[in-house]
Amino acid sequence: MTVPALTLHPRVTASTQDLPDDRDLASRALAGDTRSFEVLFERHAGRVYALCVRMAGDRQRAQELAHDALVRAWERLGSYKGEAAFGTWLHRLTVNVVLESARSQRRREARVALAEDDDADVGGAPELAPSDVGDRIDLERAIAKLPRNARQVFVLHDVEGFRHDEIADRMAIAPGTVRAHLHRARKLLIAWLDR
Amino acid sequence: MTHPELEQLNDLVDGRLAPAARHDVEAHLASCRACRDEVDALRATVAAAAALPSSLPVPDGLWDDVRATIDARRVVALPRAPRAARTFSTRTLAIAATALVMASSGLTAFVLRGRGSSPAPVEGVTLLPASWRATESGYIESVDALRAQLDAQRAQLDTATIAAVERALATIDAAIVEARAALERDPANAALTDLLASNYRQKVELLRRATQLASIT
């Protein structure tokens, strides 16, 4: 049986509560229906983008990573079996895309003989927003200024709720290193945010 | 006890201290204001991080960019075959593989034959055009992902189908190598760029068909 294409207005912005659930949409998208994939995009792209922003520490790079993650999701829809929620599957896939990108970046740096110096991207205390802008914006900006590895561990653990062993596995580092990065990230954030 | 290490305070906040160590640290905190402040600051930071919004507004144009990339990489939207049609689908895949190989290798031979004498390669210059390298990396990424997916699903396909797919892939790969070498010798030749892109698209399509067949069996 051929899965029928979803008939929607080209730009989906209204309530989606009457639309098919994520599993149905994923099935339609797997059959080539890009409009169904657009509905999935509307539902989940904000979370993908938020994860990329915090992990990358840079909005331009985050947009590129979100693009790559969503394209990869389209290409790998066949591997989504519907056992977990689509959002969970997409979130894990996005983490993989971001961490693979970080590994590639480290390899490129190694090729030009720049030894990995995790302190290299530590600036001074970030220029935080005026106090009336709010603590949340301050924290987002401070996270963006963290050293890369410390930032990624902090986001995965304290924002996204991954366990130490999951982070160690995904980042291919020792659990003790995860602990050290997490400690370092929190220490810097506390100092910068003057908590 | 002396002041605990900051790492220990982190572990306390994360609930990762062994019972005995936790008891010692908590006893210290009861009498040490400075360490209590450290723990309060850690807890405030952890709580603030957990309270960050899970979504952020998506930049304008992100969907358009994603859609454009999907369309550029997609060859044909393939309908999913019903389970009952497995035998037919397997046979269809073998026929499709043969057709793709003929198209890929035949087109390569035709184009390369029609080029006449190719320009002599410039010594030391073997780089492909920058615009093509970006496109090629996209194809390679798709191929790698589909290949990994197919490898993980091999058990779902019968031996004859796998053999047909592998033979087809080997032939397409040979066409890619040939077209790529020609393009390296003549990087400004748009026809060669189109030919190489066509070969990659055939490879992506074949892998997509194979993974989709494996998914429904």
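Here the focus is the overall build of chain B. When helices and strands are tallied, chain B shows eight helices and zero strands. The N-to-C order of helical and strand elements in chain B reads α-α-α-α-α-α-α-α. In chain B, buried positions account for 27% of the 217 residues. At a minimum sequence separation of 6, the contacts of chain B that also span at least 24 residues come to 81%.

So, on to the interface of chain B and chain A. Contacts between chain B and chain A engage 37 residues on the former and 39 residues on the latter. Only helix H1 (6-13), helix H3 (33-50), helix H4 (62-73), helix H6 (130-152) and helix H8 (190-216) of chain B provide two or more residues apiece to the side of chain B that touches chain A. Residue contributions to the side of chain B that touches chain A peak at eight residues, all from H3 of chain B.

All right, on to helix H8 (residues 175-193) of chain A then. Residues and elements named next belong to chain A. The end-to-end C-alpha distance of H8 is 27 Å, a good match for the 27 Å that 19 residues give at a rise of 1.5 Å each. Of the positions making up H8, those classed as buried are Val178, Arg179, His181, Leu182, His183, Arg184, Ala185, Arg186, Leu188 and Leu189. Just beyond H8, the residue with positive phi is aspartate 194, at close to 55 degrees.

Below, the discussion takes up the confidence of the model for chain B. Caution applies to low-pLDDT regions: their predicted coordinates should not be interpreted in detail. Residue and element names in this part refer to chain B. For chain B, mean pLDDT is 77; residues scoring 70 or higher make up 71% of the total. Scored below 50 in pLDDT, residues 75-88 makes 21 contacts in the model with residues more than four places away or belonging to other chains. Contacts from residues 115-126, a stretch scored under 50 in pLDDT, to residues over four places away or in other chains number seven contacts. The ipTM value of the predicted complex is 0.80, and its pTM value is 0.60.

Residues and elements named next belong to chain A. One non-glycine residue, alanine 172, lies in positive phi territory at about 55 degrees. Secondary-structure assignment places alanine 172 in the loop between helix H7 (164-171) and H8. Alanine 172 gets classed as exposed once you count the C-beta atoms within 10 Å, which come to 9.

A separate point is the nonpolar core. Counting residues in hydrophobic clusters, the biggest one holds 60 residues, and the most contacted among them are Val48, Tyr49, Cys52, Ala66 and Leu70 of chain A. The biggest single contributor to this core is helix H2 (residues 34-56) of chain A, with 13 residues. The contact partners of leucine 70 of chain A, leaving out residues within four places of it in the chain, are Phe41, Ala45 and Val48 of chain A together with Val66 of chain B. Of all hydrophobic cores here, the second largest spans 23 residues; its members include Ala168, Leu183, Tyr200 and Leu213 of chain B.

What follows is about the confidence of the model for chain A. Residues and elements named next belong to chain A. Put simply, chain A has an average pLDDT of 82, and 75% of its residues get 70 or more. Across chain A, the element-wise mean pLDDT spans from 85 in helix H5 (residues 135-145) up to 96 in helix H6 (residues 148-159). Considering only residues more than four positions removed or in separate chains, one finds that residues 6-17, a stretch of pLDDT under 50, has twelve contacts. Predicted confidence is poor over residues 128-133, with pLDDT under 50, and the contacts of this stretch with residues over four places away or in other chains come to six contacts.

Turning our eyes to something else, we now look at the packing of helix H1 (residues 22-30) of chain A against H2 of chain A. All names here are of chain A. Here H1 crosses H2 at 140 degrees, and the two axes come no closer than 7 Å. With respect to H2, the axis of H1 lies oblique. Judged by the twist between their axes, the crossing of H1 over H2 is left-handed. Counted together, Asp22, Leu25, Ala26, Arg28 and Ala29 of H1 and Ser36, Phe37, Val39 and Leu40 of H2 form the full contact between these two elements.

Below, the discussion takes up the packing of H8 of chain A against H1 of chain B. Where H8 of chain A meets H1 of chain B, the closest approach of the two axes is 10 Å, and the angle between their N-to-C directions is 95 degrees. When the axis of H8 of chain A is compared with that of H1 of chain B, the two are roughly perpendicular. Two secondary-structure elements touch here, H8 of chain A through Arg179, Leu182, His183, Arg186 and Lys187 of chain A and H1 of chain B through Leu6, Glu7 and Asn10 of chain B.

With respect to the helices and strands, the residue glycine 138 of chain B is situated in helix H6. The spacing of glycine 138 of chain B and arginine 73 of chain B is 65 residues in sequence and 8.2 Å in space, taken between C-alpha atoms.

What follows covers the environment of glutamate 160 of chain A. Residues and elements named next belong to chain A. Mapped onto the secondary structure, glutamate 160 falls in the loop between H6 and H7. With 21 C-beta atoms packed within 10 Å, glutamate 160 lands in the buried category. Sequence spacing of glutamate 160 and leucine 51 is 109 residues, and the spatial spacing of their C-alpha atoms is 8.2 Å. The residues touching glutamate 160, leaving out its near neighbours within four places in the chain, are Leu51 and Val155.

Cut-offs applied
- Residues numbered from 1 in each chain as written.
- Chains lettered and ligands numbered in written order.
- Predicted model: local features only at pLDDT ≥ 70, side-chain atom pairs only at ≥ 80, totals over all residues.
- Helix = DSSP H or I, 4+ residues; strand = E, 2+ residues; numbered from the N terminus.
- Buried ≥ 20, exposed ≤ 12 C-beta atoms within 10 Å, placed from the backbone.
- Contact = placed C-beta atoms within 7 Å.
- Expected span 1.5 Å × (residues − 1).
- pLDDT = per-residue confidence, 0-100.
- Core = buried A, V, L, I, M, F, W, Y, C linked by C-beta atoms within 7 Å.
- Axes fitted to C-alpha atoms, helices over the stretch in contact; angles between N-to-C directions.
- Parallel < 35°, antiparallel > 145°, perpendicular 65-115°, else oblique.
- Left-handed = near helix turned anticlockwise from the far one by under 90°.

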